[in-house]
Amino acid sequence: MALDRWIALVFVVFCCIYGYLAFFTMDHLLPPFMQRNPVWPSTFPKLLAIGGCIVGLVVLLGLEKPENESEPSASDINYRRLHEYNLGQALLLIGLMVCYALALRPAGFLISTTVFLVAGSFVLGERKWHVMLPVALIAAGSIWYLVQEVLGIFLRPFPYFMGV
């Protein structure tokens with residue numbers, strides 16, 4: 001089995017476990033007044049699980065490829081040539097995501113998100129600081145405003161020691 005199908009199999013298993021948790025373990029914890037709502041907190045995780053299973057099964061069953069294609073194309077993942085891919089960039093981005101998750105509470109949302117977006121775009125090859133910094137600041141500020149002010153969910157914008 002090709003590497004893309006193995007990845008799809010792992011993705012389908014993950015989505016099934018995620019779906020099980022969303023369908024059977026989240027809803028009984030809701031207070032009675034929320035159980036009458038048409039949209040529950042588990043609605044989006046349920047949709048993600050179903051969509052993920054569908055997409056994973058499409059790749060797993062090979063339905064995304066044309067019927068007459070028997071030879072692997074240049075866009076297919078070849079595990080024998082894995083060293084030719086940009087694994088360094090991918091691993092560095094995963095490391096940045098872990099650092100971002102760990103820095104989110106101590107550094108605050110605005111600082112950690114801006115640093116993550118600038119560092120991530122630098123890893124991916126962008127070198128124009130006059131573009132990266134304003135885009136990261138606008139994106140972090142917009143997301144914070146939407147979550148904090150529009151949705152009403154508290155999201156600490158700055159570190160604790162700033163007291164803001």
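Everything that follows concerns the structure shown earlier in this document.
A brief report on the enclosed structure follows. Just so it is clear, the structure is predicted and the values come from calculations on it, not from any experiment.

### Observations concerning the overall build of the chain
Turning to step 1, where the next piece is worked out: Regarding its fold elements, the chain presents five helices and zero strands.
Turning to step 2, where the next piece is worked out: Tracing the chain from N to C terminus, the helices and strands come up as α-α-α-α-α.
Turning to step 3, where the next piece is worked out: Counting across all 164 residues of the chain, residues that qualify as buried make up 22%.
Turning to step 4, where the next piece is worked out: Partitioning the intrachain contacts of the chain with sequence separation of at least 6 by distance along the chain shows that 55% fall at a separation of at least 24.
Turning to step 5, where the next piece is worked out: Entry remark: accessible area of the chain is about 12,000 Å², with carbon and sulfur atoms responsible for 73%.

### Digging into the packing of aromatic side chains
Turning to step 1, where the next piece is worked out: Scanning the model with the defined rule gives five aromatic pairs in all.
Turning to step 2, where the next piece is worked out: Members of the aromatic cluster, each reached through a chain of ring pairs, are Y20, F23 and F24.
Turning to step 3, where the next piece is worked out: Over the ring of F122 we find R127; its NZ or CZ atom is 3.9 Å from the centre of that ring.

### Observations concerning the packing of helix α4 (residues 109-123) against helix α5 (residues 129-150)
Turning to step 1, where the next piece is worked out: Packing of α4 against α5 leaves a shortest axis separation of 9 Å and a crossing angle of 140°. The pairing of α4 with α5 is recorded here as oblique in orientation. Crossing angle aside, the handedness with which α4 passes α5 is right-handed. The segment α4 lies against α5, with F109, L110, T113, T114, L117, V118, S121 and F122 engaging W129, M132, L133, A136, L137, A139, A140, G141, I143 and W144.
Turning to step 2, where the next piece is worked out: Of the residues in the contact of α4 with α5, the class split is 14 nonpolar, four polar and no charged.

Here is what the cut-offs are and how they apply
- Residues numbered from 1 in each chain as written.
- Predicted model: local features only at pLDDT ≥ 70, side-chain atom pairs only at ≥ 80, totals over all residues.
- Heavy atoms only, no water.
- Helix = DSSP H or I, 4+ residues; strand = E, 2+ residues; numbered from the N terminus.
- Buried < 20%, exposed > 50% of the residue type's maximum accessible area, 1.4 Å probe, protein only.
- Contact = heavy atoms within 4.5 Å.
- Areas by Shrake-Rupley, 256 points an atom, 1.4 Å probe, with all protein chains shown as cover.
- Phe/Tyr/Trp six-rings, centres within 6.5 Å; stacked < 30°, edge-to-face > 60°.
- Lys NZ or Arg CZ within 6 Å of the ring centre and 35° of its normal.
- Axes fitted to C-alpha atoms, helices over the stretch in contact; angles between N-to-C directions.
- Parallel < 35°, antiparallel > 145°, perpendicular 65-115°, else oblique.
- Left-handed = near helix turned anticlockwise from the far one by under 90°.
- Nonpolar A, V, L, I, M, F, W, Y, C, P; charged D, E, K, R; others polar.

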